[in-house]
Amino acid sequence: MLRQTFLFLSRHRRLRRWFETSRHAGRLTARFIAGENLDDVMLVVRRLHAARLLATVDHLGENVTTASEAISSREVMERTLDAIAGSSLPATVSIKLTQFGLDLSDGLCVENVSVLARQAAAIGSRVEIDMEASEYVDRTLAVVEKLHAEFGCVRCVLQAYLHRTLDDARRMNALGIPVRLCKGAYKEPPAIAFPEKARVDENYVALSRLLLDAGAYPAFATHDPRMIAAVREHAARTGRTPADFEFQMLYGIRRDLQQQLVEQGFRVRLYVPYGDAWYPYFMRRLAERPANVFFIARNLLRA
Ligand SMILES: Cc1cc2nc3c(=O)[nH]c(=O)nc-3n(C[C@H](O)[C@H](O)[C@H](O)COP(=O)(O)OP(=O)(O)OC[C@H]3O[C@@H](n4cnc5c(N)ncnc54)[C@H](O)[C@@H]3O)c2cc1C
């Protein structure tokens, strides 16, 4: 119930405007968001590197409504890739296609993200393409395939809660496209997504096996110790080494588990968001774990 409420609130425009311009915004979001600008996020990326954690940098924002906003998003990401190149750190970037014009036209979106994929290829980085709500899945995968064929340095995201994902994973494996497997963070109807958590988890485990057996350097994005154990167990059983895959987690979530995996020799990449359009991202994190509200309230009261 609370989960549904937060997912509903994540799309609420007026609340979004109010929260994002609040003078308490920084204190509210500090745990999950690296800061407002590029310097803030690069500081975090360097700090993570010192703790042997990899990073994928996201500039917050989604669903732009004009071509000039889409171009501005691209320019911010070009500067982000420049900063990554300048740091010589093995960071990647993560993007949402609706931030680059997917709601306006596929052509505009492809034009924008091709610039980023070309730049990422030139500096030995990668563009990780987040998966948004189900209405975007077909078009997102089509863009991923196009970019993969031309530049090679992309990763797509598949969501274990969707019924279709087994077929998509087989296709990505056949094309040699690296996948980030997550459970899925949007509100989807039962006709296309498993409503029960147990079924999502079951599908996650089955998909992780498929990706370990036949995928191209898969990434397992989860904080769930049971999913992590299942990945580790299958990898060990089939002779995969920690260099054959990576775990991914969100900045600020389960820091104990992140460090533990690193100490055990696994690669762990953190998804590190920055920017001022943080509201939908933040609300999805609350939907995943409503208890975060108490944690945030405590932070506000302390400050
Ligand atoms: C790197 C990364 C990239 C992602 N990219 C996408 C994407 O492109 N598209 C998409 O739809 N979803 C994406 N997600 C979100 C994902 O789909 C899930 O909503 C989210 O990861 C929670 O699922 P879980 O696997 O951690 O397991 P859950 O079963 O939700 O949680 C397991 C345990 O993890 C901890 N936990 C989980 N979430 C939180 C939280 N918010 N705060 C505190 N603790 C928490 C709790 O201890 C919880 O008991 C991404 C997640 C990660 C880690």
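Rules used throughout
Residues numbered from 1 in each chain as written. Predicted model: local features only at pLDDT ≥ 70, side-chain atom pairs only at ≥ 80, totals over all residues. Heavy atoms only, no water. Helix = DSSP H or I, 4+ residues; strand = E, 2+ residues; numbered from the N terminus. Buried < 20%, exposed > 50% of the residue type's maximum accessible area, 1.4 Å probe, protein only. Core = buried A, V, L, I, M, F, W, Y, C linked by side-chain atoms within 4.5 Å. Contact = heavy atoms within 4.5 Å. Near = heavy atom within 4 Å. Polar contact = N/O pair within 3.5 Å; in protein donor to acceptor, adjacent residues only side chain to side chain. Areas by Shrake-Rupley, 256 points an atom, 1.4 Å probe, with all protein chains shown as cover. Salt bridge = Lys/Arg side-chain N within 4 Å of Asp/Glu carboxyl O. Disulfide = S-S within 2.5 Å.

(A) Highlighting the environment of Gly 252. In this structure, Gly 252 sits in the loop between strand S7 (246-250) and helix H11 (255-263). Classification of Gly 252 as buried rests on a relative accessible area of 4%. As for Gly 252 and Ala 34, which are separated by 218 residues in sequence, their C-alpha atoms are 9.1 Å apart.

(B) Geometry of the nonpolar core. Counting residues in hydrophobic clusters, the biggest one holds 80 residues, and the most contacted among them are Ile 95, Phe 220, Phe 247 and Val 272. With near-sequence residues (within four places) excluded, Phe 247 lies in contact with Phe 220, Ile 228, Val 231, Arg 232, Leu 261, Phe 266, Arg 267, Val 268 and Arg 269. Phe 32, Ile 33, Leu 286 and Ala 287 belong to the second largest nonpolar core, which has 16 residues in total.

(C) View of the site of the ligand. Near the ligand, the surroundings consist of 25 residues, among which Lys 183, Gly 184, Lys 197, Thr 222 and Glu 288 are the closest. Met 131 places a polar main-chain atom, nitrogen or oxygen, 2.8 Å from a nitrogen atom of the ligand. Within the backbone of Arg 285, a nitrogen or oxygen atom sits 3.0 Å from a nitrogen atom of the ligand. Contact with the protein chains hides 87% of the accessible area of the ligand, taken as 940 Å² for the molecule alone.

(D) Region of interest: the pattern of salt bridges. The tally for this structure, following the rule as stated, stands at 21 salt bridges. Arg 74 serves as the salt-bridge partner of Glu 78, at 3.1 Å between the closest nitrogen and oxygen. Of the two residues, Glu 78 and Arg 74 both sit in helix H5 (residues 67-87), four residues apart, roughly one turn of that helix. The exposure class of Arg 74 is buried, given its relative accessible area of 18%. With a closest N to O distance of 2.7 Å, Asp 224 and Lys 183 form a salt bridge. Highlighted residues: Asp 224 in the loop between strand S6 (219-221) and helix H10 (225-237) and Lys 183 in the loop between strand S5 (179-182) and helix H9 (197-214), separated in sequence by 41 residues. Assigned by exposure class, Asp 224 and Lys 183 land together as buried.

(E) Fine view of the state of the cysteines. The final tally for this structure, using the stated rule, is zero disulfides. For Cys 153, which is in no disulfide, the shortest distance to another cysteine sulfur is to Cys 156 and amounts to 14 Å.

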